[in-house]
Amino acid sequence: MAESPALVHRKGRAGAGWAGSQRRHEDHLTSRESPTVRDPRECDTSSRAYSDGALIFAHAACASLAVCDCQLSSCVVGFSAAFDDIRQHSMMRMKMEMVVVVAVVLHFLVVLPACVAFNATLGWQTISKGPPLVIANGGTSGLFPDQTFLANADAVNSTSFPMALLCDLQLTKDNFGICRTGWNLSDSTDLKNIVSNATVMSTYAMRRESRTGYFSVDFTSIELNKTTAIQSNPSRTPVFDENFTPETPESTALNSANGAQYGLFFWLNVEYPTFYQQHPGKNSLASYLTTFLKEYEPEYLSATEIGILKLLKPTALKSETNLVLKFLDAGLVEESTNTTYGEIIKDLPSIATYAQGILVPKEFVYPIITFTNDTSYGYYSAPATTLVQDAHKAGLEVFVYGFANDFFPSSYNYSFDPILEVLSYVGDTFTVDGVLTDFPTTAAEAINCYPRGYKSPSTLRASTIPVQNPIILSHNGASGDFPGNTLPAYVAAINDGADYIDCTVQITKDGVPVCREDVNLIKSTNIDSVSVLYEQYYASYPEFGSGVFTFDLPLKDIRTLKAKMYSPWSEYFVRRDPSNDGKEGVLTLDEFLVFAKKNSGVGVYVNLQNAHYLRTQKNLDMVDAVVASLTKANLTNGSHKVFVASEDSSALAAIQSSIPVVKRVYVVQYDEKSPVSITTSVLTEIKKFADTIALDGRFVDPLDIFGSSFLSSTTSVVRSAQSLNMTVFYYFLSNEFNSRAIDYRSDPILHINSLVGEYNVNGFITDHPATLYNFLYNNYCWQPLGGATDVNLSTQLSPIFPVAPLPGALSLPPSPALSVAESPVSYSAPLQNGTGPLTPSSNFNSATKPRARLISSVALIFCLIFSLY
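Predicted model only: the values in this text are computed from it and were never measured.

The rules behind these values
The written sequence of each chain sets the order in which its residues are numbered from 1. Two thresholds apply to this predicted model, a pLDDT of at least 70 for residue-level local features and 80 or more for giving and counting side-chain atom pairs, whereas whole-chain, interface and lining totals are computed over all residues. Side-chain figures throughout are based on the complete set of non-hydrogen atoms in the structure, without hydrogens or water. The secondary structure listing takes helices from DSSP runs of H or I that are at least 4 residues long and strands from runs of E that are at least 2 residues long, numbered from the N terminus. For every residue, the accessible area obtained with a 1.4 Å probe (protein chains only) is divided by the maximum for its type, and the residue is called buried under 20%, exposed over 50%, and partly exposed between those limits. The criterion used for residue contact is that any of the two residues' heavy atoms lie within 4.5 Å. Only the protein chains shown count as cover for residues, and all accessible areas are computed by the Shrake-Rupley method using a 1.4 Å probe. By disulfide we mean two sulfur atoms from cysteines, separated by a distance within 2.5 Å. Only buried residues count toward a nonpolar core. Its members are Ala, Val, Leu, Ile, Met, Phe, Trp, Tyr and Cys residues joined through side-chain atoms within 4.5 Å. For the purposes of these results, a polar contact is taken to be a pair of N or O atoms within 3.5 Å, where, inside protein, one atom must be able to donate a hydrogen and its partner to accept one; residues adjacent in sequence count only when each atom of the pair is a side-chain atom. Working definition: a ring pair exists when centres of Phe, Tyr or Trp rings (six-membered ring for Trp) sit within 6.5 Å. Plane angles under 30 degrees give stacked, over 60 give edge-to-face, the rest tilted. The rule for a charge over a ring is simple: NZ of Lys or CZ of Arg within 6 Å of the ring centre, and within 35 degrees of the ring normal. Per-residue confidence from the predictor is given as pLDDT, running between 0 and 100. When a carboxyl oxygen of Asp or Glu is within 4 Å of a side-chain nitrogen of Lys or Arg, the pair counts as a salt bridge. Here a cavity denotes a set of grid points, spaced 1 Å apart and computed over the protein atoms alone, in which a 1.4 Å probe fits but from which it cannot get out, and a pocket denotes an open set meeting protein on both sides within 12 Å along at least five of seven lines; residues with an atom within 4 Å of a point are reported as lining. Grid points are joined across faces, edges and corners, and a volume is the space filled by probe spheres set on the points. Residues are grouped as follows: Ala, Val, Leu, Ile, Met, Phe, Trp, Tyr, Cys and Pro are nonpolar; Asp, Glu, Lys and Arg are charged; all remaining types, including Gly, are polar. The criterion for strand pairing is that DSSP finds at least two bridges linking the strands in question. The crossover handedness rule: strands pointing away from the viewer, path from first strand over the helix to second strand clockwise, crossover right-handed. To get an axis, fit a line to the C-alpha atoms, keeping to the stretch in contact for a helix; angles then go from 0 to 180 degrees between the N-to-C directions. Oblique is the label for any angle not covered by the other classes, which are roughly parallel (under 35 degrees), roughly antiparallel (over 145) and roughly perpendicular (65 to 115). Each crossing gets its handedness from the near helix: less than a right angle anticlockwise from the far helix is left-handed, clockwise is right-handed.

## So, the overall build of the protein chain
Here's step 1: The helix and strand tally for the protein chain stands at 31 helices and 28 strands.
Here's step 2: Evaluated residue by residue, the protein chain yields a buried proportion of 59% over its 869 residues.
Here's step 3: Taking as baseline every contact in the protein chain between residues at least 6 positions apart, the subset at least 24 positions apart corresponds to 75%.
Here's step 4: In the form shown here, the protein chain has an accessible surface area of approximately 33500 Å², with 52% of it arising from carbon and sulfur atoms.

## As for the state of the cysteines
Here's step 1: For the structure shown, the criterion picks out three disulfides.
Here's step 2: Paired by a disulfide, Cys449 and Cys781 hold their sulfur atoms 2.0 Å apart. Given an S-S torsion of about -80°, the disulfide between Cys449 and Cys781 has left-handed geometry. With a gap of 332 residues between them, Cys449 in helix α18 (residues 440-449) and Cys781 in the segment after α31 (769-777) connect regions that are remote in the sequence. Neither residue differs from the other here; Cys449 and Cys781 are each classed as buried.
Here's step 3: A disulfide bridge connects Cys503 with Cys515, and the sulfur atoms are separated by 2.1 Å.

## Overview of the nonpolar core
Here's step 1: Of all hydrophobic cores here, the largest spans 178 residues; its most connected members are Trp267, Leu289, Phe327, Ile351, Ile358, Val360 and Leu695.
Here's step 2: No other element matches strand β2 (residues 163-171), which puts seven residues into this core.
Here's step 3: Not counting the four nearest positions on each side in its chain, Ile358 is found in contact with Val324, Leu325, Phe327, Ile345, Leu348, Ile351, Leu387, Ala391, Leu396, Glu397, Val398 and Phe399.
Here's step 4: Tyr534, Tyr537, Val548 and Ile558 belong to the second largest nonpolar core, which has 14 residues in total.

## Regarding helix α26 (residues 649-658)
Here's step 1: Within α26, the full set of buried residues consists of Ser649, Ser650, Ala651, Leu652, Ala654 and Ile655.
Here's step 2: Along its buried surface, α26 packs onto α24 (611-617), α25 (622-632), β24 (642-646) and β25 (663-668).

## Overview of helix α30 (residues 748-757)
Here's step 1: The element α30 is extensively covered by neighbouring structure, given that nine of its ten residues are classed as buried.
Here's step 2: Within α30 the residues assigned to the buried category are Pro748, Ile749, Leu750, His751, Ile752, Asn753, Ser754, Leu755 and Val756.
Here's step 3: Residues of α30 that are buried make contact with α17 (418-423), α18, α28 (697-700), β27 (727-733), β28 (763-766) and α31.
Here's step 4: One side-chain oxygen of the residue at the start of α30 lies 2.8 Å from the amide nitrogen of Ile749, identifying that residue as Asp747.

## Points about the packing of aromatic side chains
Here's step 1: This model, assessed by the stated rule, comprises 46 aromatic pairs.
Here's step 2: With a centroid separation of 5.0 Å and 25° between ring planes, the pair formed by Trp183 and Phe215 is classed as stacked. Residue Trp183 is found in the loop between β3 (177-179) and β4 (189-190), and its partner Phe215 is found in the loop between β6 (209-213) and α9 (221-224); the two are separated by 32 residues along the sequence.
Here's step 3: With relative accessibility at 1%, the residue Phe215 sits in the buried group.
Here's step 4: Ring geometry for Tyr534 and Tyr538: centres 5.3 Å apart, planes at 50°, overall tilted.
Here's step 5: Ring pairing ties together the aromatic residues Phe371, Tyr377, Tyr380, Phe408, Tyr412 and Phe416, which thus form one cluster.
Here's step 6: Taking NZ or CZ as reference, Lys326 lies 4.7 Å from the ring centre of Tyr401, over its face.
Here's step 7: One Lys or Arg, Lys641, reaches over the ring of Tyr500 and ends 5.0 Å from the middle of that ring.

## Comments concerning the confidence of the model for the protein chain
Here's step 1: A residue-level look at the protein chain finds 76% of positions with pLDDT of 70 or above and a mean pLDDT of 80.
Here's step 2: Taken together, the stretch residues 784-796 has pLDDT below 50 and engages in 48 contacts with residues farther than four places along the chain or on a different chain.

## Points about the pattern of salt bridges
Here's step 1: Taken as a whole and judged by the stated rule, the model has 24 salt bridges.
Here's step 2: Where Asp621 meets Arg615, a salt bridge forms, and the shortest distance between an N and an O atom there is 3.8 Å.
Here's step 3: Accessibility expressed as a relative area gives 9% for Asp621, which makes it buried.
Here's step 4: Here Arg615 falls in the buried class, since its relative accessible area comes to 9%.
Here's step 5: Residue Arg698 is joined to Asp696 by a salt bridge in which the shortest nitrogen-to-oxygen separation is 3.0 Å.
Here's step 6: Here Arg698 falls in the partly exposed class, since its relative accessible area comes to 35%.
Here's step 7: One connected set of salt bridges, linked through shared partners, spans Asp190, Lys192 and Glu242.

## Observations regarding empty space enclosed by the protein
Here the idea is plain: a probe the size of a water molecule rolls over the atoms and shows the empty space left.
Here's step 1: Applying the stated rule across the entire model yields four cavities of 30 Å³ or more.
Here's step 2: Lining the second largest cavity are Leu733, Ser734, Asn735, Arg740, Pro748, Ile752, Thr766, His768, Thr771 and Leu772.
Here's step 3: Listed by contribution, the elements that provide at least two residues to the lining of the second largest cavity are α30 and α31.
Here's step 4: Here the lining of the second largest cavity is composed, by residue class, of four nonpolar, five polar and one charged.

## Observations regarding the environment of Val512
Here's step 1: On the secondary structure map, Val512 appears in the loop between β19 (500-507) and β20 (513-515).
Here's step 2: In this structure Val512 comes out as partly exposed when scored by relative accessible area, which is 23%.
Here's step 3: Val512 sits 113 residues away from Ala625 along the chain, and the two C-alpha atoms are 7.0 Å apart.
Here's step 4: Apart from the residues lying within four places of it in its own chain, the contact partners of Val512 are Gln506, Ile507, Leu555 and Thr588.

## With respect to the pairing of β24
Here's step 1: Of all five residues that make up β24, five are buried, and the element is covered over most of its length.
Here's step 2: Inspection of the sheet shows strand β23 (residues 603-608) paired to β24 by five bridges, in the parallel sense. Note on β24: the bridge partner recorded for Asn607 is Ala645.
Here's step 3: A crossover links β24 with its parallel partner β25, the connecting element being α26, and its sense is right-handed.

## Some thoughts on the environment of Ser524
Here's step 1: One can find Ser524 in the loop between β20 and α21 (531-537).
Here's step 2: Taking the relative accessible area as the measure of exposure, Ser524 reaches 0% and is therefore buried.
Here's step 3: Once the C-alpha coordinates of Ser524 and Lys564 are considered, the two residues, 40 residues apart in sequence, prove to be 5.1 Å apart.
Here's step 4: Setting aside residues no more than four positions away along its own chain, Ser524 makes contact with Arg516, Glu517, Lys562, Ala563 and Lys564.
Here's step 5: Side-chain polar atoms of Ser524 contact the side chain of Arg516, separated by 2.9 Å.

## A closer look at the layout of surface pockets
Here's step 1: Size it by volume and the second largest pocket reaches roughly 1000 Å³.
Here's step 2: Along the wall of the second largest pocket there are 47 residues; nearest its centre are Asn137, Tyr401, Gly402, Phe407 and Asp438.
Here's step 3: Mapped by element, the contributors of at least two residues to the lining of the second largest pocket are β2, β13 (357-361), β16 (397-403), α17 and β17 (434-437).
Here's step 4: The element contributing the most residues to the lining of the second largest pocket is β2, with four residues.
Here's step 5: Of the residues assigned to the lining of the second largest pocket, the class counts are 17 nonpolar, 15 polar and 15 charged.

## Focus on the packing of α30 against α31
Here's step 1: Two elements in contact, α30 and α31, have axes whose closest approach is 11 Å; the angle formed by their N-to-C orientations is 60°. Here α30 lies oblique to α31, going by the angle between them. Viewed along their axes, α30 and α31 form a crossing whose handedness is right-handed. Across the interface between the two elements, Pro748, Ile749, Ile752 and Asn753 of α30 pack against Thr771, Leu772 and Phe775 of α31.
Here's step 2: Partitioned by chemical class, the residues of the contact of α30 with α31 number five nonpolar, two polar and no charged.

## Remarks on the packing of helix α23 (residues 589-597) against α25
Describing two packed helices takes the angle between their axes plus the distance from one axis to the other.
Here's step 1: The geometry of α23 relative to α25 is characterised by a closest axis approach of 10 Å and an angle of 30° between their N-to-C directions. As the angle between them shows, α23 and α25 are arranged roughly parallel. Taken as a pair, α23 and α25 cross one another with a handedness that is right-handed. On α25, the residues touching Leu589, Asp590 and Leu593 of α23 are Val626, Ser629, Leu630 and Lys632.
Here's step 2: For the contact of α23 with α25, the residue count by class is four nonpolar, one polar and two charged.

Right, dumping it as structure tokens:
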């Protein structure tokens, strides 16, 4: 079998100097544009060849040959051999075996779509003219302890190529290398096997600061081999801690070399060159790196100092290693030249004399604009600099670091969508040569599945969609970007591709229906800063708690309020863009319907909240008010796209009686304190008054019973409802990383993909319509079910894969069946005069009334128990 050009290039070192190594992407693409039809026995042999390298190489040898060209059964043999090796690993316990099973399953879930996936290889403005390199920062370090076998294996098995595995070099006391993040080993390893209570931490000068901790140079490689890796980011799950020893540069380089012909590379990063030149001995770093480059020939070596790169240049020329200067904050001083990084970046031609690329923070490309000192808010990104274009003119590749799906504060420009953020670096104006990320799957999705970026509905809807996609319903408009239920939110939702815009109906004291996302006005208006109204109307109700409630205020008072952004995840210190607070008033339902009718083709979703309570306890008829508004807007004759939804079965029954042609949606709310199950008999009962059911997401993909934020077992409620010819909506989708199970890798695309592909949900109620729209209509990896189809580059693996619960995840215990019947109430009976609001449970004078409070902190406790053999 003929070797690919990339393999010939790597073996023969055919290139001359830097130019030869810079052709790696071109070689890789050339080798895959015309895949050879392979004999299944060759696939089998290739797969078996990597069994001693375990999980990573099974992917490189099998998946990257493309399942289209090999028989699956042959690939299974090689992968099984790798799995056997993993099972025999002395450090494995039951927990890790389950994780590896997931990796095996994940491998095939990534591979199977390969024959129908699309590649992003058009018009790349990189130095190599190929797609940007995805650099896995210690593997999938956003989920697993970084720079371990598990993290690297997952990155390779869940990410399309080209990709590089990065190792942060630290030197041991006996001058061996170890891959660890940061300078203090206690932050990323479990030192209990080598450090006693009597062990004294060391103090060294590092980057002109005195630092005290546990340094690698104080331990031998044998000692550190007794440690296990832990998650270095304390906000991430510790479930996978203490299972693998940290990788070494040598082991990672060998693993990467076996996959180099398929686009898998090795990247060695040196974060503290001056320190390791002095410790553990003089010239320790130069000695180690010179030998390493000669023996392992890594594709990339980055360092934060110029001196070490110049010293290594002759050796790197021979090994065809790309040298990359890593930039720290602009104001910091680069130690070997005593010059700030901000000054160094101004002279790109000089950098090109000793390096082939630069590795820069995101803000070097998009400067940060802060608007507050409150770190609970994000920031804005200024227009892009010309750094990428200027560097390319100087012959330098540009790599950008700092990408992670679960970081906050983050830029509001991207609506918490990590795909959109990556796409801003690989657009039409410029394209970076690579991105360094803790979540390599997400970066690969952006690069390979959205080759033309995000598009607007006006561009895409003109094309014929081969398959009916799920319905996109806004949640209070595009409430992830604008204050909910305001005209800007509705305009944005329509522009972002929503099929339906919604009004969550509340009702005023004088019976006027208004659009507010919650009955408590404190959450979404400035009522707490309007002291006269706040003090007058503040009240407490057993059903709703304390606050200021729409049903206590007449419309004239509500008209004086201004909308503000509601952040559903603020208790976890993730807050939405507040820049549009105080600009828009409260809309009535009539005003909402007038606006909606002016936008042809867009339907309306009217959600009645607390109708039963308001009718029985407040003498306010929400059903009658909504029917009157729909009739006034001429939306009751069945000729328009209208859904009327409620969690109140009696309200829907009344709607059915009044306007039977309107589609009705029963909203099933989730109560953690009183969980219920949705049985077939319950669904049959619901179908009597509604053909559509809107399910809280926790009924569809629930979390496990331990509160670890991992998925529980797969549910069947969607399938059961659809078997009764019911339509199923899922609520709510939002882009914030903490709105979904950890299994989804803080990635909204993986979440949506699983809900559509695995659960076949018919529609989504979402705070961020643009993300959902572009997944359904502009995603080249989603083509089989209706995505973009105008580019066909089918040799690339799809990085989008369905997510399933971990094997052994425990589901919730059986719960009582949901009761859909409300107590008898007649919405058609005349309202009783003189029935006022219930007396609040507490009375406060102006001096003692509590103000709206922010939760100062919430401890996230991750607890997942695995049985041991």
